[in-house]
Amino acid sequence: MKETAVTIIENLRNGSVDIEDYVFKKIDIIRKKDIVINAYISIDSEDFILERINEIKRNMVSGINMKIPGIVVSIKDNISTNFLPTTAGSKILENYVPPYNATVVEKILKEGGIIIGKTNLDEFAMGSTTEFSAYGLTRNPWDITRVPGGSSGGSAASLAYGSCDLSLGSDTGGSVRLPASYTATVGLKPTYGTVSRYGLIPYANSLEQISPMARSVKDLALIWDVIKGYDEKDATSVNYDFKTINNKTINNKFKICVPNEFIEDSEQPIKSTIYKLLEKIENEGIDIEYEGRFEKLKYALPTYYTIAFAEAASNLARYDGKLYPVSSEGFSYKEMSENTRRHNFGLEVKKRILMGVLALSEGFINDYYIAATKGRRIIRDEILNMTKHCIIASSVSPILPPKIGERIKDPLKLYAMDIYTVVANLAGVPALAMPAGFYNNLPVGIQFMAGPFEEEKLLALGSFIEEKTGLYNLIAGD
Amino acid sequence: MSKKCEEDLINKLLDLSRLNFTEEELEKLCNDINEIRSLLNKVSSISSLDVKPLYNVWDGILDPPSHVGIEKIDIDNLIPNERIIQNKIKIPWKGEK
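Residues numbered from 1 in each chain as written. Chains lettered and ligands numbered in written order. Predicted model: local features only at pLDDT ≥ 70, side-chain atom pairs only at ≥ 80, totals over all residues.

### Details of the interface of chain A and chain B
Stage number 1. At the interface, 48 residues of chain A touch 34 residues of chain B.
Stage number 2. Broken down by secondary-structure element, the contributors of at least two residues to the side of chain A that touches chain B are α9 (297-315), α10 (333-344), α11 (347-360), α12 (366-389) and α13 (411-416) of chain A.
Stage number 3. The biggest single contributor to the side of chain A that touches chain B is α12(A), with 13 residues. (Contact = placed C-beta atoms within 7 Å. Helix = DSSP H or I, 4+ residues; strand = E, 2+ residues; numbered from the N terminus.)

### Describing α11(A)
Stage number 1. Relative to the 20 Å expected for 14 residues at 1.5 Å per residue, α11(A) spans 20 Å between its end C-alpha atoms, a close match to the ideal helical length.
Stage number 2. Most of α11(A) is tucked away: 11 of the 14 residues are buried.
Stage number 3. Inspection of α11(A) places A:V349, A:K350, A:K351, A:R352, A:I353, A:L354, A:M355, A:G356, A:V357, A:L358 and A:A359 among the buried residues, and these make up the whole buried set.
Stage number 4. The inward-facing, buried residues of α11(A) contact α9 and α12 of chain A together with α1 (7-16) and α2 (23-44) of chain B. (Expected span 1.5 Å × (residues − 1). Buried ≥ 20, exposed ≤ 12 C-beta atoms within 10 Å, placed from the backbone.)

### Looking at the nonpolar core
Residue and element names in this part refer to chain A.
Stage number 1. Residues V73, A300 and F448 are the most contacted members of the largest nonpolar core, which totals 155 residues.
Stage number 2. At 12 residues, the largest contribution of residues to this core is made by α9.
Stage number 3. Once you skip the residues sitting within four places of it in the chain, A300 turns out to touch I379, I419, V422, V423 and L426. (Core = buried A, V, L, I, M, F, W, Y, C linked by C-beta atoms within 7 Å.)

### Things to note about the pairing of strand β4 (residues 166-171) of chain A
Residue and element names in this part refer to chain A.
Stage number 1. Within β4, 6 of the 6 residues are buried, which leaves the element mostly enclosed by the surrounding structure.
Stage number 2. Because side chains alternate across β4, one face comprises the buried residues L166, L168 and S170, and the other comprises S167, G169 and D171, equally buried.
Stage number 3. Bridge count for strand β2 (residues 72-76) against β4 is 3 bridges, and the pairing is parallel. Bridge pairing in β4 links V73 to L166. (Pairing = 2+ DSSP bridges.)

### Examining the packing of α12(A) against α2(B)
Stage number 1. Axis separation between α12(A) and α2(B) bottoms out at 8 Å; the angle between their running directions is 60°. Taken together, the axis directions place α12(A) and α2(B) in an arrangement best described as oblique. Judged by the twist between their axes, the crossing of α12(A) over α2(B) is left-handed. Residues A:D367, A:Y368, A:A371, A:A372 and A:G375 of α12(A) touch α2(B), and the partners they reach there are B:L40, B:V43 and B:S44.
Stage number 2. Looking at the contact of α12(A) with α2(B) residue by residue, the class counts come to 5 nonpolar, 2 polar and 1 charged. (Axes fitted to C-alpha atoms, helices over the stretch in contact; angles between N-to-C directions. Parallel < 35°, antiparallel > 145°, perpendicular 65-115°, else oblique. Left-handed = near helix turned anticlockwise from the far one by under 90°. Nonpolar A, V, L, I, M, F, W, Y, C, P; charged D, E, K, R; others polar.)

Here is the structure:
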């Protein structure tokens, strides 16, 4: 039986594994491998980790029930922590330590998780490759000449080389699902509003969600259970009672549909790997329909990017050299603000701010931003209708993990990587990315999209599939 | 600046976004902006459709939470009435000059 977070918790609880030994083994792995991979921007001090281990041990002795005691968690560096800097991968937030923890961080600490460090990302989560970080690019542990996907590439890589058990990323247009697909890990973009965004450094508020990652769907369910739930500190948070679905009864219960547009334009190795997996699960009794269409997919990328740019321009206006520690000199507020932004934002971020300002400007707003919000309604309504009847299966990415530098020179090629993932963000529905197989030793992922609040259904289906394929808890280089 | 760029537009955007660039960056930026605009232009065809814009993804679909995260701020409770009456403070958004 493979070792997963679920089995590790059992071993830590019954004392067959010592928490301190376990956690420091993870630190050793980081020491050895992160020099090359660069999954982390900051790591906790050993003294701090030791204090935390002792606190968890005391709680266990006192009989305090915790969901993930001693489990090692990495956190994307756009999620606020008051004990480690939160840079969002940007020079403009260098050494910034927030005065508070994000709600999800508080929940992980309360449930006994050990936050080992903060993971690398594209600056302000704007990217699909984790090459746009001010702290250097992250490499894919399965092939270090390739990218791990983005923007939560650091979180995915930290899992893929075995430095932690669980991770948190954020997903605005595919930012945990694309990295999951490229690193043979698992990522869930939850229903909009089900995980608190309080403490998430914002990029595009109406699209993004803090999103869990793991090396198996069962482990993902663990961290999902910890972080989900209503939070009064987040005005977009929604109340919902999740029902548990017994995964032993899922055969024939779930119908999967595979709209042509969601797969056919992918590279051949992606298509063949996904079709092979679908055939396998069809043979296990799951009903699969290939006739469906989703012709609105052609609007998805322009709709998504218009909205994301507009929201980014608004959100990033706050970095003016006054509110946050990093500041450049200037003779007036305007000059100081311009200099701060000029020297401390990366080119991709500046580009997206400019495009957002354009989309919101007089003379352009109707043709861009307002048109995109209409496009969003059309896409949302169609996805809600489709997911009433079936779980939508699709490629996660149209291409295999690209080589470093291959995609970032051309913005359209870069944005095209998100074609299958942005739909779930526009529609607000949950989407799961998990391993479908390998091609030439490179991971290939599959995406499942369900109706609002159907996370448990996705987790049950994913868990069933990983049991059949054995593609879980995969560690690069093992 | 590159001829590919609409100079007035770029200058206006730079001013509004409080950003500036080196000449080299501007050159790259102009190419990229033109490419990105070609993508965004595809959404413009939707602008004429009789569809209501969607700003909140759960607009009209989900029940609102039992209580909202940020309570409405009642200015009258924050500022005692007599202080407003005595004209000791000014509240511009109530029409005072």
